[in-house]
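Notes for the structure review
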Amino acid sequence: MDLNIFEHFAIQTAKSAGEVLMSYFGKITNIDNKSSDIDLVTRADIKTEEFIIQAIRKKFPQHNIITEESDFDKIDSDYCWIIDPLDGTTNFVHNLPIFAVSIGLQYKDETIIGVVHNPVYNQCFHAILNCGAFLNNSPINTSSTNTLSKSLLVTGFPYIHDARWKASFKLFEEFYSRNQGMRRLGAAALDFCFVAMGRFDGFYEFNLKPWDVCAGDLVLREAGGQTSDWDGITQMPFSGNRILASNGHLHSKM
């Protein structure tokens, strides 16, 4: 199994999908809601997902696909592509250039390829299992920060305003009283990658889905970071209810 073939395909597909996104960026007029008034989907999401699915079906017709916007019958295959065509839709709608295409590939439930591409800045994060993490072909590594008091963290908040939504703000306050700052960017795949490159020292969030986690999780781990749920149990990418990701040095402290 030559994983470089899969990675090359994922990178090229993510970059081409990014071109589809950019053809809509700054031009969105029709927006639909999903789980709430702030959980959005646009024509850009749909068309970009259609492009990625078509590319996978053409190249790897016997592989399974899990995506954010579509449902598929499961095929008898050990391979599964996990896709978010537009991570950061709300940013995209408001012309904020913090969004990405996220493409991950699993083999027998283990992530082996992760690609996260921000087309605005032409930044493509990519990783192959056990081969390190890269940004535009240059190696990246997590930070060496080992105390919360010196850390900069990133988080997100659930769309549904329930008990978890309220708890998120309590956690935010607790962390903010112990570190140098908190940020909320609105694109989980990029949050993982920004921890991977040392821009942030840690990331946590409620209620993420496999397509939010899969690719970015691998990039972070291959950059030297650590991911788990909040109890320290590693079950990526499907334990998305309570994601904790860090540079590794801060993991137990977080």
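Owing to the predicted nature of the structure, the values given are computational and were not obtained by experimental measurement.

Another point: the overall build of the chain. Counting its secondary structure elements, the chain contains six helices and 14 strands. The globule rule puts the C-alpha radius of gyration for 254 residues at 18 Å, and the 17 Å found for the chain is close to it. For the chain, the spread of C-alpha atoms along the principal axes amounts to about 50 × 45 × 35 Å. Split into buried and exposed, the 254 residues of the chain put 55% on the buried side.

Side chains of residues three or four places apart in an α-helix project in the same direction, reflecting 3.6 residues per turn. Taking 1.5 Å per residue as the helical rise, helix H6 (residues 210–222) with its 13 residues ought to reach 18 Å, and the 18 Å between its terminal C-alpha atoms agrees with that figure. At glycine 216, H6 is bent by approximately 30°, the largest bend along its length. Burial analysis of H6 places 12 of its 13 residues in the buried class, which makes it a mostly covered element. Those residues of H6 that sit buried are Pro210, Trp211, Asp212, Val213, Cys214, Ala215, Gly216, Asp217, Leu218, Val219, Leu220 and Glu222. Looking one or two residues past H6, glycine 224 carries a phi angle of roughly 105°, positive in sign.

Reading across from one edge, E11-E10-E12-E14-E13 is the order of the five strands in this open sheet, with mixed pairing throughout. Edge positions in the sheet fall to strand E11 (181–183) and strand E13 (226–228), since each of these pairs with one other strand and no more. Strand after strand, the sheet turns through a mean of 15° between neighbouring axes, direction not considered. For strand E10 (residues 152–155) and strand E12 (residues 202–206), the ladder comprises three bridges, and the chain directions are parallel. What sits directly across from valine 154, in E12, is phenylalanine 203. Of the strands in this sheet, E10, E12, E13 and strand E14 (242–246) are in contact with helix H5 (residues 188–196), which crosses E12 at around 155°. The strands that H6 touches are E13 and E14; relative to E13, the one it contacts most, it runs at about 140°.

Further remarks concern the pattern of salt bridges. Within the structure shown, the criterion is met by four salt bridges. One salt bridge in this structure joins glutamate 174 and arginine 178, with 2.8 Å as the shortest N-O distance. For glutamate 174, a relative accessible area of 39% puts it in the partly exposed group. Taking relative accessible area as the criterion, arginine 178 reaches 47% and is therefore assigned partly exposed. The partner of arginine 242 in a salt bridge is aspartate 231, with the nearest N and O atoms 2.6 Å apart.

Criteria and thresholds
Residues numbered from 1 in each chain as written. Predicted model: local features only at pLDDT ≥ 70, side-chain atom pairs only at ≥ 80, totals over all residues. Heavy atoms only, no water. Helix = DSSP H or I, 4+ residues; strand = E, 2+ residues; numbered from the N terminus. Rg over C-alpha atoms; globule rule 2.2 N^0.38 Å. Buried < 20%, exposed > 50% of the residue type's maximum accessible area, 1.4 Å probe, protein only. Expected span 1.5 Å × (residues − 1). Bend = angle between axes of the 7 residues up to and from the residue. Pairing = 2+ DSSP bridges. Axes fitted to C-alpha atoms, helices over the stretch in contact; angles between N-to-C directions. Contact = heavy atoms within 4.5 Å. Salt bridge = Lys/Arg side-chain N within 4 Å of Asp/Glu carboxyl O.

Any functional reading would require information that these geometric values do not contain.
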